[in-house]
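Geometric and topological summary
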Amino acid sequence: LLVAKGLVETLESKFELPEGEKLNVIASFDGDSLVGTTYQHPLYDRKSEVIAGGDYITTESGTGLVHTAPGHGQEDYLTGLKYGLELLSPVDDVGKFTTEAGSSTVVGDDFVGMSVLGEGNTAVIEALAQAGALIRAEDYGHKYPYDWRTKKPTIFRATAQWFASVEGFRDDALEAVETVKWIPEVGKNRIRSFVESRGDWCISRQRSWGVPIPVFYDKETGGTKTLLDEHTLDHIQSIIAEHGSDAWWKMDVVDLLPEMYKDQADKWTKGTDTMDVWFDSGSSWAGVVQERAEKEMGLSFPADVYLEGSDQHRGWFQSSLLTSVAANKGKAPYKAVLTHGFVLDEKGFKMSKSLGNVVNPLQVIEGGNNKKIEPAYGADVLRLWVASVDYAGDVRVGANIIKQTFESYRKLRNTARYLIGNLADFDPSKDAVAYDDLPSMDKWMLGTMSKVLNEVDDALSNYQFGRATNEILRFATADLSNFYLDVAKDRLYISAVDDARRRSCQTVIHALLEGFAKSIAPILPHMAEDIWQNLPYKSEEDDSSVFEGGLSEKLMSYPEIDADKWDLVRNVRTDVNQVLEAARKDKLVGASLDAAAYIYTSDDKIKAVLSELDGDESLISPSVKTNGVDELRTAFMISQVHIVDSEDAITEACDSKYSGKGELSGCMIGVKKAEGTKCGRCWFYDKQVGEHGTKYGPDLCQRCGEAIFSWEESSGNKFSAPAVEEAAPVA
């Protein structure tokens, strides 16, 4: 018995020798000394050579000697090539022994027709025992490949295949890789590594469906001689163009052969191999893009972009590259390649019907049976989720994530409603204020909008949808809702209809609305078109749809104006609101207009900016010290703002509980209850409320009185002051 030295003790226990008996070691020698010797096959009349295997042979089980079958496994096949072993594969297409497994010296042809993984296994073991060549048989656990679809074990077979050599154009393919834009950039490294290490491409498959490989095999030689030339290819191409690829399977050989070979039809049989599907999909550029480009059907070659999952660098992206480079003198079939990850459930698990965690896109759009539990969010919400995630890696989705996305969608929609609602009486052709006449805040807003539109346009052009979406949401929330549109309420609702401060604000809102609609159109097409169809004025470009005309050069070219100044104002505003919060908790003030702010800074530059924006002591129209827009009072939405010369001035005016140093601006800030009386119309506190006549009521500031007077003059109507309730007598 010949065994590995390290397995002697293991085999002694497995052989269940009588107590006290052990295997007698007759001699020991290196395994290399056996290489080249031969042994008699136990079941067939043939001798086989002993060879040295690879790392796949271990001493974990068995005897240290293994059977090598070059026709049934990659490792064995490579070992067989190394030693020149005969390639024997006695298994047919359905997994049964062929006649090559017959002529056994023990059982004759009994193996022929048996299932290899079924009764064939048992029959071989029985034959070994019958021949006296089996000492022991046992079951043991080991790894074995199973088919992922049928969940059944697979059988490896070495069969004749068709190959395409990549060696002749590998360098051209690598050069073509450099001409392509890879998104993300790491894709270039992946595709290069696959092309560099690519061996010969096996392009044939043994399947019952697919595009046939149009080769004829010689019957007499058993297929070693083939017929495949330009004449047969041209003829079969014309047949498939007319009848489809099934013609190969349905038509007789004589009909498939060109005229010059028809008299040899009895000599040939048609092949049954099909083309590798990667070759099919990899050459799709020819039929989808190149052919249409040549016929001037509206497409161009190469394609603008190929889009697929990150696993396709070894698949479709590579097969497309190789076929195009080979056929088109080194030209890649695409200008850009974008790869994405895969969609997982909210917990990060792969979606599976068996797990019941599949998110149905149609259900997100249309809702489930119970709309309260599974509401219909519409296509835009689903698109917004897609655009907001980082598709470069795997992404998660589920009910909670879609719900969060819906909140972002609502934020954008409400912003659009606000913009539309405040343009009801605005005619751009008549009411728009010239750019040079706009206040600094409005010019800053237009410059900020242009910067955002260019950022979004650049992001979308580079397929960075998450960056574009985040910028739109940030702009709508931070720049518009939290500042500009909040400040704009005083101008839009309190000023006279044709007041310059109101019309200038509407001029900006008009630009914001069109820029907003155009920027969200690629991501939220239904919302964007809804906005466009409900514009309260006729668009300057007279576009019937938001998708016509694109982003106008005018909207994208406003310069950045006073950005540092308004960044400072916003920082001080945030710091003032932080201090105000403490006053609100103690019910010193309610709304921000109930308060007065005291601000001190030792920084001369900051003080100069704040002093420039310090308005009149009282609310008057027209303003004297400012233009009524670039003013701290309205920018902070606070009734009174005092720029003081020392921290002591703040300490004297405000309780220490309601003062502190701003984290963003570095200014010392204090708040207190505003002085004066609350205006019944604008809700600002002012010391002169009611001191400019009582024609429109006793609780109005001068500014609001002027606004009402202007309305009466322009409309011809008369304002009826609401009755003031008298205080009930105190008993």
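Look up a bit, the structure's there.
Structure report, in brief.

The next thing to look at is the overall build of the chain. Secondary structure summary: the chain contains 25 helices and 20 strands in total. Over its C-alpha atoms the chain spans a radius of gyration of 42 Å, topping by over 25% the 27 Å that the globule rule assigns to 731 residues. If you line up the chain on its principal axes, its C-alpha atoms span 125 × 80 × 50 Å. Partitioning the intrachain contacts of the chain with sequence separation of at least 6 by distance along the chain shows that 63% fall at a separation of at least 24.

Glancing now at the pattern of salt bridges. With the rule as written, the count across this model stands at 35 salt bridges. With a shortest N-O distance of 3.0 Å, Arg192 and Glu178 are connected by a salt bridge. Within this pair, whereas Arg192 is found in helix H5 (residues 186-196), its partner Glu178 is found in the loop between helix H4 (170-177) and strand E4 (181-183), the two being separated by 14 residues in sequence. A salt bridge links Lys657 to Asp586, with the shortest nitrogen-to-oxygen separation between them at 3.2 Å. Of this pair, Lys657 sits in the loop between helix H24 (647-653) and strand E17 (659-661) while Asp586 sits in the loop between helix H21 (563-585) and strand E15 (595-600), placing them 71 residues apart in sequence. Judged by its relative accessible area of 53%, Lys657 falls in the exposed class.

Next up on the list: the sheet that holds strand E9 (residues 268-270). The sheet built from three strands is open, its strands ordered E8-E7-E9 with antiparallel pairing. A strand with exactly one partner marks an edge of an open sheet, and here the two such strands are strand E8 (226-227) and E9. Two strands pair when backbone bridges link them, and strand E7 (residues 216-218) and E8 are joined in this way by two bridges, in the antiparallel orientation. By the bridge assignment for E8, Phe216 is matched with Leu227.

One open sheet holds the three strands; their spatial order is E4-E12-E11, and the pairing between them is parallel. Looking along the sheet, the strands with just one partner apiece sit at the ends: E4 and strand E11 (303-309). Pairwise comparison of adjacent strand axes, ignoring direction, gives a mean angle of 15° for this sheet.

So, on to the side chain of Thr232. As for its position among the elements, Thr232 is in helix H6 (residues 230-243). Here Thr232 is in contact with Phe216, Leu227, Pro258 and Tyr261, once residues within four sequence places are set aside.

With that settled, the discussion passes to the layout of surface pockets. The probe, sized like a water molecule, is rolled over the atoms to show the empty space still left. As a volume, the second largest pocket reaches approximately 960 Å³. Lining the second largest pocket are 25 residues, and of these Val211, Leu233, Gln237, Met275 and Phe279 sit closest to its centre. Broken down by secondary-structure element, the contributors of at least two residues to the lining of the second largest pocket are H6, helix H9 (277-282) and helix H10 (284-294). The element best represented in the lining of the second largest pocket is H6, accounting for six residues.

What follows deals with H21. Helix length check: H21, at 23 residues, gives a terminal C-alpha distance of 33 Å against a target of 33 Å (1.5 Å per residue), a fit within 8%. Within the span of H21, buried status applies to Lys565, Trp566, Leu568, Val569, Arg570, Val572, Arg573, Asp575, Val576, Val579, Leu580 and Ala583. Phi for Lys587, located one or two positions after H21, is positive at around 60°.

Look at helix H14 (residues 399-421) against helix H17 (residues 465-494): their axes get within 11 Å of each other, and the N-to-C directions meet at 30°. One finds that H14 runs roughly parallel with respect to H17. Seen along the crossing, H14 lies across H17 with a hand that is left-handed. Residue-level inspection shows Ser408, Lys411, Leu412, Thr415, Tyr418 and Leu419 of H14 in contact with H17, the latter providing Ile472, Leu473, Ala476, Thr477, Leu480, Ser481, Leu485, Ala488, Lys489, Leu492 and Tyr493. When grouped by side-chain class, the residues that make up the contact of H14 with H17 number 11 nonpolar, four polar and two charged.

This paragraph deals with the nonpolar core. Counting 91 residues, the largest nonpolar core has Met449, Tyr484, Leu512, Ile531, Val576, Ile599 and Phe636 as the members making the most contacts within it. What Ile531 contacts, discounting residues up to four positions off in sequence, is Ala416, Ile420, Leu513, Phe516, Ala517 and Ile520. In terms of nonpolar packing, the next biggest core, distinct from the first, is built from 29 residues, Leu174, Tyr217, Ala303 and Trp316 among them.

Bringing a nonpolar patch on the surface into the picture now. A cluster of nonpolar residues, Tyr77, Leu78, Leu81 and Leu87, forms a patch on the protein surface that exposes about 390 Å² of accessible area. Here Leu87 is to be found in the loop between helix H2 (74-83) and helix H3 (119-130). Leu87 sits in the partly exposed class, given a relative accessible area of 46%.

This part covers the environment of Ser461. Positionally, Ser461 belongs in helix H16 (residues 440-461). A relative accessible area of 47% means that Ser461 is categorised as partly exposed. Through-space distance from the C-alpha of Ser461 to that of Thr37 is 69 Å; in sequence the pair is 424 residues apart. Within the structure, the side chain of Ser461 is placed 2.8 Å from the backbone oxygen of Asp457, a separation counted as a polar contact.

Before going further, it helps to examine the packing of H16 against helix H18 (residues 500-520). Here H16 crosses H18 at 5°, and the two axes come no closer than 10 Å. The orientation of H16 with respect to H18, classified from their angle, is roughly parallel. Of the residues in H18, those touching H16 at Asp442, Met445, Leu446, Met449, Leu453, Val456 and Leu460 are Ser504, Cys505, Val508, Ala511, Leu512, Gly515 and Ser519. Its residues assigned to classes, the contact of H16 with H18 comprises 10 nonpolar, three polar and one charged.

In this structure the tally under the stated criterion is 17 aromatic pairs. Residues Trp444 and Phe483 carry aromatic rings whose centres are separated by 5.7 Å and whose planes lie at 80° to one another, so their mutual orientation is edge-to-face. Of this pair, Trp444 sits in helix H16 while Phe483 sits in helix H17, placing them 39 residues apart in sequence. On the basis of relative accessible area, Trp444 is assigned to the buried category, the value being 4%. By relative accessible area, Phe483 is classed as buried at 1%.

Take the pairing of E11 next. In this structure, E11 lies alongside strand E12 (residues 334-340), joined through six bridges in parallel fashion. Looking at E12, one finds that Leu307 is bridged to Leu338. The parallel pair E11 and E12, bridged by helix H11 (residues 316-327), forms a crossover whose chirality is right-handed.

Omega for the peptide link from Phe301 to Pro302 comes to 5°, which places this bond in the cis form. Relative to the helices and strands, Pro302 resides in the loop between H10 and E11. Along the chain, Ser621 connects to Pro622 via a cis peptide bond; the corresponding omega equals 0°. For Glu296, which is not glycine, the phi torsion reads 55° and is therefore positive. Inspection of the secondary structure puts Glu296 in the loop between H10 and E11. Given the relative accessible area of 73%, Glu296 is considered exposed. At Trp683, a residue that is not glycine, the phi angle is positive and equals roughly 70°. Within the secondary structure layout, Trp683 lies in the loop between strand E19 (677-678) and strand E20 (685-686).

Tallying each qualifying case throughout the model produces zero disulfides. Left unpaired, Cys704 is separated from the closest cysteine sulfur, that of Cys701, by 3.6 Å.

Rules behind the numbers
Counting restarts for each chain: residues are numbered from 1 in the order of the written sequence. Residues qualify for local features only when their pLDDT is at least 70, as the model is predicted, and side-chain atom pairs are given and counted only at 80 or more; totals for whole chains, interfaces and linings, by contrast, use all residues. The side-chain values count all of the structure's non-hydrogen atoms but skip hydrogen atoms and water molecules. Runs of E in the DSSP output that reach at least two residues are strands. Runs of H or I that reach at least four are helices, and both are numbered from the N terminus. In this treatment the radius of gyration is a C-alpha quantity, and the globule benchmark scales as 2.2 Å times the residue count to the 0.38 power. The contact criterion used throughout is that any non-hydrogen atoms of two residues lie within 4.5 Å. We count a salt bridge whenever a side-chain nitrogen from Lys or Arg sits within 4 Å of a carboxyl oxygen from Asp or Glu. A 1.4 Å probe rolled over the protein chains alone gives each residue an accessible area, and that area as a share of the maximum for its type sets the label: buried under 20%, exposed over 50%, partly exposed in between. At least two DSSP bridges between two strands are required for those strands to pair. Helix axes are fitted to C-alpha atoms over the stretch in contact, other axes to C-alpha atoms as well, and angles between N-to-C directions run from 0 to 180 degrees. Think of a 1 Å grid over just the protein atoms. A cavity is a set of points where a 1.4 Å probe fits yet cannot get out, a pocket is an open set with protein on both sides within 12 Å along at least five of seven lines, and lining residues have an atom within 4 Å of a point. Grid points are joined across faces, edges and corners, and a volume is the space filled by probe spheres set on the points. Every helix has an expected span of 1.5 Å times one less than the residues it contains. Orientation categories follow fixed angle ranges, with anything under 35 degrees roughly parallel, anything over 145 roughly antiparallel, 65 to 115 roughly perpendicular, and all other angles oblique. Two helices that cross are described as forming a left-handed crossing if the nearer one is turned anticlockwise from the farther one by less than a right angle, and a right-handed crossing if clockwise. Classification convention: Asp, Glu, Lys, Arg as charged; Ala, Val, Leu, Ile, Met, Phe, Trp, Tyr, Cys, Pro as nonpolar; all other residues, Gly among them, as polar. Residues belong to one nonpolar core when they are buried, are Ala, Val, Leu, Ile, Met, Phe, Trp, Tyr or Cys, and are joined through side-chain atoms within 4.5 Å. Like-charged residues are merged into a patch within 9 Å and nonpolar side chains (Val, Leu, Ile, Met, Phe, Trp, Tyr) within 5 Å, provided each residue has over 30% relative accessible area and no salt bridge. Residue-level accessible areas treat just the shown protein chains as cover; the underlying method is Shrake-Rupley with a 1.4 Å probe. Contacts described as polar in this section are N or O atom pairs within 3.5 Å, which, within protein, must combine one atom able to donate a hydrogen with one able to accept it, while residues neighboring in sequence count only if both atoms come from side chains. Side-chain rings of Phe, Tyr and Trp (the six-membered ring for Trp) are treated as a pair once their centres are within 6.5 Å; stacked means planes under 30 degrees apart, edge-to-face means over 60, and tilted covers the remaining angles. With the strands pointing away from the viewer, any crossover whose connection runs clockwise from the first strand over the helix to the second is right-handed. Disulfides are defined as pairs of cysteine sulfur atoms found within 2.5 Å of each other.

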